[in-house]
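# Descriptive analysis of the structure
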Amino acid sequence: MGTREWRSCAAHCGESLGRPSRSGSTTIVAITARLHRYCIRNDLWPMHDFLTPGDRSRRMAQIRSTDTKLERRFCQSVGRQIHREGYRYRKHYARLPGKPDLAFPKYRVAVFIDSSFWHGANLAGWERKLRKRYWREKIKGNVARDRRNNRAIRRRGWTVVRFWDGEIRRRPWLCYRRLAQALRSSKSALLNFVDAAA
């Protein structure tokens, strides 16, 4: 947003809030609050970046796509328990669309460990808080890609299980139950298929 747009926006908010207060003038705090609401509603809020483009690029490049803290936490809490029960998995399985974080090829179960922000958990509830149109489109694109990957993986006869970061942090035992249930149902279906073929 340019300086001219910013000034006209501020003028608009000042005029629309032009009722004088008890002291005889409109308070700066009230105008600022009105300006803030107006800019967020109309996607005009300026984004101040205190880093140079080179520094910002280096920082963004350091964001990992594999072996994240969330994945490590999941493998330590849920993965170990599943491993003890005899289920073996592979990490970052490139043979499936979307490259699932964990895959159980024998049981045909694919597991994705998703960040609530990047993958748009309950996006409708907080989408309006995103100030830049770029981020809205980016996250909506991620959600659409996840749905496409889910469909493609299911068409290959696999089961898809997705976990949000909040679930992994707050309720790892529920994550374990969901994954164990998916593996057991897949295992029983596999055994039924083998029995029917024999």
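What counts and what doesn't
- Residues numbered from 1 in each chain as written.
- Predicted model: local features only at pLDDT ≥ 70, side-chain atom pairs only at ≥ 80, totals over all residues.
- Heavy atoms only, no water.
- Pairing = 2+ DSSP bridges.
- Helix = DSSP H or I, 4+ residues; strand = E, 2+ residues; numbered from the N terminus.
- Contact = heavy atoms within 4.5 Å.
- Axes fitted to C-alpha atoms, helices over the stretch in contact; angles between N-to-C directions.
- pLDDT = per-residue confidence, 0-100.
- Salt bridge = Lys/Arg side-chain N within 4 Å of Asp/Glu carboxyl O.
- Buried < 20%, exposed > 50% of the residue type's maximum accessible area, 1.4 Å probe, protein only.

This part is about the sheet that holds strand S3 (residues 109–114). Taking strand neighbours across the sheet as the criterion, the 4 strands line up as S1-S2-S3-S4 in an open arrangement whose pairing is mixed. Every other strand in the sheet has two partners, leaving strand S1 (90–91) and strand S4 (159–164) as the edge strands with one partner each. With 2 bridges joining them, S1 and strand S2 (residues 102–104) adopt antiparallel strand pairing. Considered in S2, the bridge of Arg90 is made with Ala103. Relative to the sheet, helix H4 (residues 69–84) contacts S1, S2, S3 and S4, its axis offset from that of S3 by approximately 145°. Sheet contacts for helix H6 (residues 133–155): S3 and S4; angle to S4, the most-contacted strand, approximately 150°.

Before going further, it helps to examine the confidence of the model for the chain. Averaged over every residue, the pLDDT of the chain is 79; residues scoring 70 or more account for 71%. The element-level mean pLDDT for the chain is lowest in helix H1 (residues 3–16), coming to 52, with S2 highest at 95. Confidence over residues 15–21 falls short of pLDDT 50; this stretch has 11 contacts with residues more than four positions distant or in other chains.

By the secondary structure assignment, Leu183 is in helix H8 (residues 172–197). Each C-alpha atom of the pair Leu183 and Tyr87 lies 8.3 Å from the other, and the pair is 96 residues apart in sequence. In contact with Leu183, other than residues within four places in its own chain, are Ile82, Tyr87, Phe104, Tyr107 and Val109.

Let us now look at the pattern of salt bridges. Following the criterion strictly, the structure yields 6 salt bridges and no others. Note that Asp55 and Arg58 form a salt bridge whose closest N and O atoms lie 2.4 Å from each other. With a gap of 3 residues between them, Asp55 and Arg58 both fall in helix H3 (residues 53–61), about one helical turn apart. Judged by its relative accessible area of 29%, Asp55 falls in the partly exposed class. One salt bridge connects Arg169 with Asp165, and the closest N-O pair in it is separated by 3.7 Å. Placement of both Arg169 and Asp165 in helix H7 (residues 165–170) is noted, with a separation of 4 residues, approximately one turn of the helix. Through salt bridges with shared partners, one network takes in Asp114, Asp146 and Arg162.

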